[in-house]
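# Architecture and fold: a report
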Amino acid sequence: MVEEFLATKEMLDRCSECLICIQECQLLTKLGKSPREIAENLSQNPQAYKNTVYSCLQCGLCNIVCPLSLSPKQMFLEWRRKLVKDGVAPFRNHSFSLTDKKWNIYTLYRDNYGISYTDLETSNCDTLFFPGCNMSTFAPKLTRTVFSQLKRVHESLGILVECCQKPILDLGLQERFEKAIEKLKERIAKQGAKRLITACPNCYYTLKKCLGVEVLSIYDALPEAAFKKIAGVISIHDSCPDREEGFFGRKVRSILSGCQIIEMKHSKENAICCGAGGLASAVDPDLALTYVKMRLEEAKATQAEYLVTYCVACVNMLTAVPSEIKIIHALNLLLDVEEDYSQVQPNLQRLFTGARAKENIQKIISQL
Ligand code: SF4
Ligand code: SF4
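Because the structure is a prediction, the values reported are computed rather than measured. (Residues numbered from 1 in each chain as written. Chains lettered and ligands numbered in written order. Predicted model: local features only at pLDDT ≥ 70, side-chain atom pairs only at ≥ 80, totals over all residues. Heavy atoms only, no water.)

Okay, the overall build of the chain next. For the chain, the count of helices and strands is 20 helices and 8 strands. Taking 2.2 N^0.38 as the reference for a compact globule, 368 residues should give roughly 21 Å; the C-alpha atoms of the chain span a radius of gyration of 20 Å, in line with that estimate. In terms of its C-alpha atoms, the chain occupies a principal-axis envelope of roughly 55 × 50 × 45 Å. Here the chain holds 368 residues, and 56% of them are scored as buried. Carbon and sulfur atoms make up 49% of the accessible area of the chain, which totals about 16,700 Å². Separation between the mean location of the 46 positive side-chain charges and that of the 42 negative ones in the chain comes to 3 Å. (Helix = DSSP H or I, 4+ residues; strand = E, 2+ residues; numbered from the N terminus. Rg over C-alpha atoms; globule rule 2.2 N^0.38 Å. Buried < 20%, exposed > 50% of the residue type's maximum accessible area, 1.4 Å probe, protein only. Areas by Shrake-Rupley, 256 points an atom, 1.4 Å probe, with all protein chains shown as cover. Lys, Arg positive; Asp, Glu negative; His and termini not counted. Charge placed at Lys NZ, Arg CZ, Asp CG, Glu CD.)

See the structure below:
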């Protein structure tokens, strides 16, 4: 087996079928097979399992719990890349998430609802605030507040409203990801920026590995004095990209240390995905919904007043299902910004049912 199938090869050679990962993963539970069996099936007939490959949330919990440090997550990513290479990847609703295209769900949303940051752009600056697709699209008030707070401590500041291209990477579109990152590098170089400040853990971990400029998180770039002192009883939902390094989780817990923090059954490196990971919901929406419900059940059991997250995608996913616990982004709390996330889902639906539905769908279709 060639080098690009290293995780699959390891699975075939070393998986002891202890089934520990299955107990923690709804997809593996549903399949009822060990990762070794799945590796065998995929090696024999990948096309027969293409929906399975794209149902993995790429959450990485399997990597953490495996006593042999094997990675079903990486194995599924290897097969995503293979299906892309063979031109048989089961892309259906994914066309709205192709973030290297001009029109995707984020650019359509901003265009339809008049969200723009051109007044904050500058042609030359040392530092760029990179809010990421989710924050810039679904939390415009927060985006502007973060920018103005940053401006107090970073004089030469601009904004770059772009995607980190994690969705493309997760879909197995490796070549397109690399091309999009090259374009991003050119844009940053053109502005003369030496530093990027990210607000989203997906952007932070993706760009830190490949951009070649300094990448900071908002929790490093703002002084603690910028954050409001918060008290109360909260729980914290950790985001999957933070699972291995835990940087965002530690920072947010430290800044919110005035609160009583009640941890959920699965937290920090063992956190359960909010259901948005790996764009799995495009292939298996029921599985994604199972994850949302599991997360909300664990949150409810803490009896905390707030479930605090540090990723806008997680906020949107977790607020898609009614629950008793209030879900809030850490920065909405710490910078005292109200944002109506309950309107995001109806607004998204209106893109494809409202007056501009035809035009919106045409924009997506015309670039495929
Ligand atoms: S990455 Fe997540 S969804 Fe995929 S196999 Fe591992 S635990 Fe399951
Ligand atoms: S936890 Fe590791 S060794 Fe056990 S079944 Fe899963 S992949 Fe195999």
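Attention shifts here to the domain arrangement of the chain. Domain annotation for the chain reports domain 1 (3–85), domain 2 (105–221) and domain 3 (228–334). Here the C-alpha centroids of domain 1 and domain 3 sit 25 Å apart. Taken together, the contact between domain 1 and domain 3 spans 18 residues of the former and 20 residues of the latter. Summed over both partners, the interface of domain 1 with domain 3 comes to about 1,400 Å²; 61% of that surface belongs to carbon and sulfur atoms. Counting every contact that joins domain 1 to domain 3 gives 1 salt bridge. The closest approach of N and O atoms between K30 and D284, which form a salt bridge, is 2.5 Å. There are 6 residue pairs in polar contact (both at pLDDT 80 or more) connecting domain 1 and domain 3. Broken down by secondary-structure element, the contributors of at least two residues to the side of domain 1 that touches domain 3 are α3 (26–31) and α6 (61–65). (Domains from an automatic or database assignment. Contact = heavy atoms within 4.5 Å. Buried area = accessible area lost by both parts, 1.4 Å probe. Salt bridge = Lys/Arg side-chain N within 4 Å of Asp/Glu carboxyl O. Polar contact = N/O pair within 3.5 Å; in protein donor to acceptor, adjacent residues only side chain to side chain.)

Another point: the site of ligand 1. C25, C56, L57, Q58, C59, G60, C62, K73 and F76 make up every residue found near ligand 1. Taken together, the residues of the shell around ligand 1 sort by class into 6 nonpolar, 2 polar and 1 charged. (Near = heavy atom within 4 Å. Nonpolar A, V, L, I, M, F, W, Y, C, P; charged D, E, K, R; others polar.)

This part is about the pattern of salt bridges. Applying the stated criterion across every chain, the model contains 23 salt bridges. With a closest N to O distance of 2.8 Å, R144 and D119 form a salt bridge. Of this pair, R144 sits in helix α10 (residues 140–153) while D119 is found in the loop between α8 (105–112) and β1 (127–130), placing the two residues 25 residues apart along the sequence. D119 gets classed as exposed once you look at its relative accessible area, which sits at 52%.

Assignment of secondary structure puts N63 in helix α6. Residue classification places N63 among the buried positions, given a relative accessible area of 19%. A polar atom in the side chain of N63 sits 2.9 Å from the side chain of S71. Beyond its immediate chain neighbours, meaning those up to four positions away, N63 contacts L70, S71, P72, K73 and E244.

Right, let's talk about helix α16 (residues 285–302) for a bit. With 18 residues, α16 extends 26 Å between its outermost C-alpha atoms, agreeing within 8% with the 26 Å of an ideal straight helix rising 1.5 Å per residue. Along its buried surface, α16 packs onto α3, β5 (233–237), β7 (306–309), α17 (312–319) and β8 (326–329). The positive-phi residue at the C-terminal boundary of α16 is Q303, with phi of around 60 degrees. (Expected span 1.5 Å × (residues − 1).)

Once that is clear, we can look at the environment of E155. Counting through the fold element by element, E155 comes out in the loop between α10 and β2 (157–159). Counting along the chain gives 39 residues from E155 to S116, while the straight-line C-alpha distance between them is 22 Å.

Further remarks concern the pairing of strand β3 (residues 195–198). Summarising the sheet, β1 and β3 pair through 4 bridges and their orientation is parallel. Looking at β3, one finds that F130 is bridged to T198. For β3 and strand β4 (residues 214–217), the ladder comprises 4 bridges, and the chain directions are parallel. Within β4, the residue paired with R195 across the bridge is E214. After leaving β3, the chain enters helix α13 (residues 201–210) and then returns to the sheet as β4, a path that is right-handed. (Pairing = 2+ DSSP bridges. Right-handed = clockwise from strand over helix to strand, strands pointing away.)

Bringing the sheet that holds strand β6 (residues 260–261) into the picture now. Pairing is parallel in the open sheet, where 4 strands are placed in the order β6-β5-β7-β8. On the outer flanks of this sheet lie β6 and β8, each paired with one strand and no other. Pairing between β5 and β6: 2 bridges, direction parallel. Looking across to β6, one finds that I234 is bridged to I261.

A separate point is the sheet that holds β1. If you trace the 4 strands from one edge of the open sheet to the other, you get β2-β1-β3-β4, paired in parallel fashion. Each of the sheet's edge strands pairs with one partner strand only, and the pair in question is β2 and β4. With strand direction ignored, the average angle separating the axes of adjacent strands in the sheet is 30 degrees. Examined bridge by bridge, β1 and β2 share 3 bridges and lie parallel to one another. (Axes fitted to C-alpha atoms, helices over the stretch in contact; angles between N-to-C directions.)

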